[in-house]
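# Fold and geometry: a report
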Amino acid sequence: MTHKDSLSARLPTPWGDFTIHALEAEDGKEHVALTFGEWDTKQPVLARIHSECLTGDALFSLRCDCGFQLKAALQKIAEEGAGVLLYLRQEGRGIGLTNKIRAYSLQDQGMDTVQANEHLGFGADERDFKVASDALDKLGIQKIRLMTNNPRKVSSMIDAGIDVVERVPLKYGHNPHNEDYLSTKQSKLGHLF
Ligand SMILES: Nc1nc2c(ncn2[C@@H]2O[C@H](COP(=O)(O)OP(=O)(O)OP(=O)(O)O)[C@@H](O)[C@H]2O)c(=O)[nH]1
Ligand SMILES: [Zn+2]
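Residues numbered from 1 in each chain as written. Chains lettered and ligands numbered in written order. Predicted model: local features only at pLDDT ≥ 70, side-chain atom pairs only at ≥ 80, totals over all residues. Heavy atoms only, no water.

Taking an unreviewed UniProt entry as the reference, the chain is identified by name as GTP cyclohydrolase-2 belonging to Kangiella profundi. According to UniProt, the comment filed for the chain under the heading Sequence similarities (unreviewed entry) is "Belongs to the GTP cyclohydrolase II family." (UniProt positions renumbered as here; feature names shortened; annotations may be inferred.)

In structure tokens:
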């Protein structure tokens, strides 16, 4: 992955002016980083590693908590005055949008989110977070305060040599439509709620 200044531009949002960076990743996907403010590289940077969820992030779905977490993370970074959000093109925990819709259809028939993935021949979570640690390296970030409820994101960053000084819980958007989904994430994927 390389990072060139010509691949960065202003990105004003309702919470403040971010800078968007196109990340040229080894997997060929169009991942981006949104950065805000300036940071002291010796201090931990407030960070969010967010996997793409078209339905939740862009289409207002209540089946998950993604869109709510995305907004909350951008708001927290802006309030802090500095930070980074990595927006990773890992739709459907890495299985892609069409397969996620197949998995949703199976969930409509009674499977949980993990059973549905496995029924389709995938692992429960197909994501590789190396793209995230590579991006943090390229941005010169070694220490983070990571906004997540997912312990695998924390351990992946630690294994990649990123110092996760703190896990900041990000509990937003719980509602009757995602209650079962979130409780499966807690019982089967180890999420901390
Ligand atoms: N395969 C599959 N993917 C889903 C489903 N619901 C949401 N997703 C995807 O799950 C990913 C969201 O990541 P999350 O799992 O919410 O985030 P996380 O990594 O678990 O942890 P947090 O940092 O706490 O949000 C996105 O890529 C969504 O598209 C589902 O039922 N099946
Ligand atoms: Zn989602």
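Picking up after the structure, the text goes on.
### Considering the layout of surface pockets
Roughly 410 Å³ of internal volume is contained in the largest pocket. Taken together, 17 residues form the lining of the largest pocket, with Asp57, Ala58, Leu70, Lys71 and Leu74 sitting closest to its centre. Listing elements by their share of the lining of the largest pocket, those giving two or more residues are strand S1 (8–13), strand S3 (30–36), helix H1 (54–58), helix H2 (66–80) and strand S5 (83–88). A total of five residues in the lining of the largest pocket trace back to one element, the largest contributor, which is H2. Class assignment for the residues of the lining of the largest pocket results in eleven nonpolar, four polar and two charged. Here the second largest pocket is characterised by a volume of approximately 200 Å³. Taken together, 13 residues make up the lining of the second largest pocket; nearest its centre are Arg63, Gln107, His177, Asp180 and Tyr181. Those elements giving two or more residues to the lining of the second largest pocket turn out to be helix H3 (97–108) and helix H7 (179–189). No other element matches the four residues that H7 contributes to the lining of the second largest pocket. Looking at side-chain class alone, the lining of the second largest pocket contains four nonpolar, five polar and four charged residues. Of the domains in this structure, domain 1 (8–89 + 127–189) and domain 2 (91–126) are the two that each give at least three residues to the lining of the second largest pocket. (1 Å grid on protein atoms, 1.4 Å probe; cavity = no way out; pocket = protein on both sides within 12 Å on 5 of 7 lines; lining within 4 Å. Points joined across faces, edges and corners; volume = space filled by probe spheres on them. Helix = DSSP H or I, 4+ residues; strand = E, 2+ residues; numbered from the N terminus. Nonpolar A, V, L, I, M, F, W, Y, C, P; charged D, E, K, R; others polar. Domains from an automatic or database assignment.)

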